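Analysis of the macromolecular model
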Amino acid sequence: MRWQFALLLTLAGVLVVGLVSVVAALPGTVPGLDFVRRAADERRNENTEAVVLVNGRAITAAELAEMEQWVNANVSWMREAEKETTDTTQVAVLRRTRELIERSGPRTVALARLIRDRALESAAIERGVWPDEATIAERVARDRALAEQMRDPRVETYVATFGPTVYWEQFYPSVAARELAEERLYEIVTGDEQDLQARQTRWLSFERELVRAVQIDVVKPEALGATSVDAALGYLEAYWTLHGGA
């Protein structure tokens, strides 16, 4: 199942597969699991008050608080990966990415991730590639079966927090829909490119163009706390530059 590592697709780019493998191999521990528990609690509280609108699509207070905890969890995973990964190039990129996150702050990175997500959602809808209900249901069923085999503590934390019925029938379908939409966009944008690095560069450039074009309206500036839209956009620009999204 890919969704629990979705933030790493933004934070670590093409390193996601290697990083997930390293973290999965760590004996007897899951780095950042306490942050995952907090993320689940924040989302379960479901403060649906809109904080920011991106092309009219809301980022809620609960989503922002949840994503902030996922950023903290990812930093924990990346620290462990830096210790365990033997490829010096990957270690260097992981370190620079982690340092960028830490300089920017977890709330800023969380807001940046959600702005990016909403931009991609808008693009998927506009291009007619948002999945239908049957396709979403199929993905949910597949991922639920995989979760039962994998027994990933992060997934189990969410299931325990929400309850299996609420998690799989009410919460997870929207996650699956976004994943499917992004997969389809990725193929549209990069499908004719064979080189992995070139595909990554093309995709990040696509993200950058989308985000730069969106309309962002702050509904509750006080709810942003120590961050701002400008700070979030600044983080994204630094991230795209770091990972070659020219």
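Use the structure listed above.
Since the model is a prediction, treat every value here as computed from it, not as a measurement.

A word on the sheet that holds strand S2 (residues 57-60). Spatially, the three strands line up as an open sheet ordered S2-S1-S3, and their pairing is antiparallel. Strands with a single pairing partner mark the edges of an open sheet, and in this sheet they are S2 and strand S3 (216-218). In this sheet, adjacent strand axes meet at a mean angle of 25 degrees when their direction is disregarded. Across four bridges, the pairing between strand S1 (residues 50-54) and S2 is antiparallel. Within S2, the position partnered with Val52 by the bridge is Ile59. Sitting on the sheet, helix H6 (residues 106-126) touches S1, S2 and S3, and the angle it makes with S2 is about 155 degrees.

Where helix H7 (residues 133-150) meets helix H9 (residues 164-190), the axes come as close as 8 Å, and the angle between the chain directions of the two elements is 115 degrees. The angle between H7 and H9 falls in the class roughly perpendicular. For the crossing formed where H7 meets H9, the hand is right-handed. From H7, Thr135, Ile136, Arg139, Val140, Arg142, Asp143, Arg144 and Ala147 reach across to H9, where they touch Pro164, Trp168, Tyr172, Pro173, Ala176, Ala177, Glu179, Leu180, Glu183 and Arg184. Of the residues assigned to the contact of H7 with H9, the class counts are 10 nonpolar, one polar and seven charged.

The biggest cluster of nonpolar side chains holds 65 residues, and the ones touching the most others in it are Leu111, Ile115, Tyr158 and Tyr167. In terms of residue count, the dominant contributor to this core is H9 (11 residues).

For the rest of this paragraph, the subject is the pattern of salt bridges. The final tally for this structure, using the stated rule, is 30 salt bridges. In this structure, Arg118 engages Glu121 in a salt bridge whose closest nitrogen and oxygen atoms are separated by 3.1 Å. Here Glu121 and Arg118 lie together in helix H6, a separation of three residues that amounts to about one turn. Take Arg118 and Glu121: they sit in the same class, and that class is buried. Note that Arg202 is salt-bridged to Asp192, the shortest N-O span being 2.5 Å. With Arg202 in helix H10 (residues 196-213) and Asp192 in the loop between H9 and H10, this residue pair connects regions lying 10 residues apart in the sequence. A relative accessible area of 31% means that Arg202 is categorised as partly exposed. One connected set of salt bridges, linked through shared partners, spans Arg43, Arg57, Glu63, Glu66, Arg118, Glu121 and Arg178.

What counts as what
- Residues numbered from 1 in each chain as written.
- Predicted model: local features only at pLDDT ≥ 70, side-chain atom pairs only at ≥ 80, totals over all residues.
- Heavy atoms only, no water.
- Pairing = 2+ DSSP bridges.
- Helix = DSSP H or I, 4+ residues; strand = E, 2+ residues; numbered from the N terminus.
- Axes fitted to C-alpha atoms, helices over the stretch in contact; angles between N-to-C directions.
- Contact = heavy atoms within 4.5 Å.
- Parallel < 35°, antiparallel > 145°, perpendicular 65-115°, else oblique.
- Left-handed = near helix turned anticlockwise from the far one by under 90°.
- Nonpolar A, V, L, I, M, F, W, Y, C, P; charged D, E, K, R; others polar.
- Core = buried A, V, L, I, M, F, W, Y, C linked by side-chain atoms within 4.5 Å.
- Buried < 20%, exposed > 50% of the residue type's maximum accessible area, 1.4 Å probe, protein only.
- Salt bridge = Lys/Arg side-chain N within 4 Å of Asp/Glu carboxyl O.

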